[in-house]
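Architecture at a glance
These are the residues of each chain, in order.
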Amino acid sequence: MVVELNALLNKLQERTATKFERMPSVVLKDGAFDITKLPVDKPEWHRLTDLVAVMFDLKSSTNLEKGRKPASTASIYDSGVGGVVEIFNSFDADFVDIQGDGGFGLFWGERKYEHAMCAAISIHTFSDDFENQLEAKWPEAPSTGFKVGIASGPILAKRVGLARHLDMQEPVWAGRPVNYAAKAAQQTDPGKTLVTGSVWDAVSSNDYIAFSCGCNGGVEGGDPSFLWEERTLDNIPDANKYGQVLKSGWCVNHGEEYCNAILNGSTYREEIDENLRSKLTLVAAGSEGAKVKARKERQAERKILESEVLALRGDPRATYNQVSR
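Attention here is on the structure that accompanies the text. (Residues numbered from 1 in each chain as written. Predicted model: local features only at pLDDT ≥ 70, side-chain atom pairs only at ≥ 80, totals over all residues. Heavy atoms only, no water.)

**So, unusual backbone geometry**
Here Asp92, not a glycine, exhibits a phi torsion of approximately 55°, which is positive. The backbone of Asn235 shows a phi angle near 70°, a positive value even though the residue is not glycine. As for its position among the elements, Asn235 is in the loop between strand 8 (228–232) and strand 9 (242–246). (Helix = DSSP H or I, 4+ residues; strand = E, 2+ residues; numbered from the N terminus.)

**Brief notes about the environment of Gly145**
If you trace the backbone, Gly145 turns up in the loop between helix 3 (112–137) and strand 5 (146–161). In the structure, Gly145 is positioned 13 residues away from Asn132 in sequence and 9.2 Å away in space, judged by C-alpha atoms. Excluding anything up to four places from it in sequence, Gly145 contacts Asp57, Leu58, Lys59, Ser127, Glu131 and Pro190. (Contact = heavy atoms within 4.5 Å.)

**Concerning the packing of aromatic side chains**
Under the criterion given, the structure shown has 15 aromatic pairs. Ring geometry for Phe33 and Trp108: centres 4.7 Å apart, planes at 80°, overall edge-to-face. Taken together, the residues Phe33 in the loop between strand 1 (25–28) and strand 2 (44–58) and Trp108 in the loop between strand 4 (102–107) and helix 3 connect sequence positions 75 residues apart. On the numbers, 5.1 Å between centres and 50° between planes, the contact of Phe95 with Trp173 is tilted. Of this pair, Phe95 sits in strand 3 (residues 95–99) while Trp173 sits in strand 6 (residues 169–175), placing them 78 residues apart in sequence. This pair shows no difference in class: Phe95 is buried, exactly as Trp173 is. Through a chain of ring-to-ring contacts, the aromatic side chains of Phe56, Phe88, Phe107, Phe126, Phe130 and Phe146 assemble into a single cluster. Across the ring face of Trp138, the terminal group of Lys137 is positioned such that the distance to the ring centre comes to 5.9 Å. Lying over the aromatic face of Tyr208, Arg269 brings its terminal NZ or CZ to 5.8 Å of the ring centre. (Phe/Tyr/Trp six-rings, centres within 6.5 Å; stacked < 30°, edge-to-face > 60°. Buried < 20%, exposed > 50% of the residue type's maximum accessible area, 1.4 Å probe, protein only. Lys NZ or Arg CZ within 6 Å of the ring centre and 35° of its normal.)

**Describing helix 7 (residues 255–263)**
By the burial criterion, the buried members of helix 7 are Gly255, Tyr258, Cys259, Ala261, Ile262 and Leu263. Elements that come into contact with the buried residues of helix 7 comprise helix 3 and helix 6 (207–210). Following helix 7 by one or two positions, Gly265 has its phi on the positive side, about 95°.

**Notes on the packing of helix 2 (residues 70–90) against helix 3**
Interaxial distance between helix 2 and helix 3 falls to 10 Å at its minimum, and their mutual angle equals 160°. Considered as vectors, helix 2 and helix 3 are oriented roughly antiparallel to each other. When the axes of helix 2 and helix 3 are compared, the crossing they make is right-handed. Residues Ile76, Ser79, Gly80, Gly83, Val84, Ile87 and Phe88 of helix 2 lie in contact with helix 3, whose contacting residues are Ala119, Ser122, Ile123, Phe126, Phe130 and Leu134. Its residues assigned to classes, the contact of helix 2 with helix 3 comprises 9 nonpolar, 4 polar and no charged. (Axes fitted to C-alpha atoms, helices over the stretch in contact; angles between N-to-C directions. Parallel < 35°, antiparallel > 145°, perpendicular 65-115°, else oblique. Left-handed = near helix turned anticlockwise from the far one by under 90°. Nonpolar A, V, L, I, M, F, W, Y, C, P; charged D, E, K, R; others polar.)

**Side note on the environment of Phe226**
Take Phe226: it is sitting in the loop between helix 6 and strand 8. Linking Phe226 and Leu280, residues 54 residues apart in sequence, is a C-alpha distance of 7.3 Å.

**Re the side chain of Ser152**
Residue position: Ser152 is located in strand 5. A distance of 2.9 Å separates the side chain of Ser152 from the side chain of Tyr113, its partner in a polar contact. Of the polar contacts made by the side chain of Ser152, one reaches the side chain of Ser198; its length is 2.8 Å. Once residues within four sequence positions are removed from consideration, Ser152 is found in contact with Asp50, Leu51, Val52, Tyr113, Pro177, Thr196, Ser198 and Val199. (Polar contact = N/O pair within 3.5 Å; in protein donor to acceptor, adjacent residues only side chain to side chain.)

**Brief notes about the packing of helix 3 against helix 7**
For the pair helix 3 and helix 7, interaxial distance at closest approach is 9 Å and the crossing angle is 160°. Judged by the angle between their axes, helix 3 and helix 7 are roughly antiparallel. Here the hand of the crossing between helix 3 and helix 7 comes out left-handed. Seen from helix 3, the contacting residues are Glu114, His115 and Cys118; seen from helix 7, they are Cys259, Ile262 and Leu263. When grouped by side-chain class, the residues that make up the contact of helix 3 with helix 7 number 4 nonpolar, 1 polar and 1 charged.

**Structural notes on the nonpolar core**
Counting 49 residues, the largest nonpolar core has Val54, Phe88, Met117, Ile123, Ile150, Phe226 and Trp228 as its most contacted members. Going through the elements one at a time, strand 2, helix 2, helix 3, strand 5, helix 5 (197–203), helix 6, helix 7 and helix 8 (274–285) are the ones with two or more residues in this core. It is helix 3 that provides the largest number of residues to this core, a total of 10 residues. Those residues in contact with Ile123, other than ones at most four positions away along the chain, are Val54, Val84, Ile87, Phe88, Phe146 and Val148. In terms of nonpolar packing, the next biggest core, distinct from the first, is built from 25 residues, Phe33, Phe95, Ala151 and Ala185 among them. (Core = buried A, V, L, I, M, F, W, Y, C linked by side-chain atoms within 4.5 Å.)

Geometric descriptors of this kind do not, in isolation, establish any biological role.
As structure tokens, then:
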């Protein structure tokens, strides 16, 4: 094999200059996004103003094969990662990407936050059983399980690669959701689902997500409680760093009921008293100056995104200052 390296690098240099000089077009696809229609040989990117990414990562995966037969290691990956894919499929993920011992599911359709949250909590619940079965089968195996992070926001998408070579093309998701979801997953542990600030803004008003059913270890009859704790995410440079962590999966008694209530758009539970709701209100509003400021920044960004949508649609209500960035 011989590569004309200098010619290749010169070609790429010219290609980069051309790409920077001739900006691609950006087409708004809210409500009409179709991954099969992403262009590859056309200077056009498709835009979604809000997408939810659920990232999962298998803890200590590099140590799972030590002292174990290849077939045993393969069964661990197949049962674990394959199980998560089954979950994404059950909750109508619009796109799934597997990357070795982890990956992500993307949601952009109707009730995307509800579908994403139900999928994430299901991965959390599945992870607990997966770890228990793994420990029973191989007691010497390292502690493992799936770490889950969720983020949301605007994104640009395009199929990047070589035209007419399907095996060398992949969709690229340019934006914060996948990146931030990965950072969130990296900073949590199995048994804890970590969401960024924008996700919390979208789901915190749902009683089925914010509060427990009251069961304690499967024992019914207890009082509902607030399920979340504040968490600051390192390596996220903007207002999304102030997130929340969920430490429980689905209840064995009420999980299916609550899951389907969320999927069907239910948000209110009569049994939640006002004192408990007041705690949620305080958390949602932010208890510290920096978090209050961050919440206001996220609200301002949503307004900017709304104006960008108007601009891309040619609506005169969009202001220049809002869309010129």
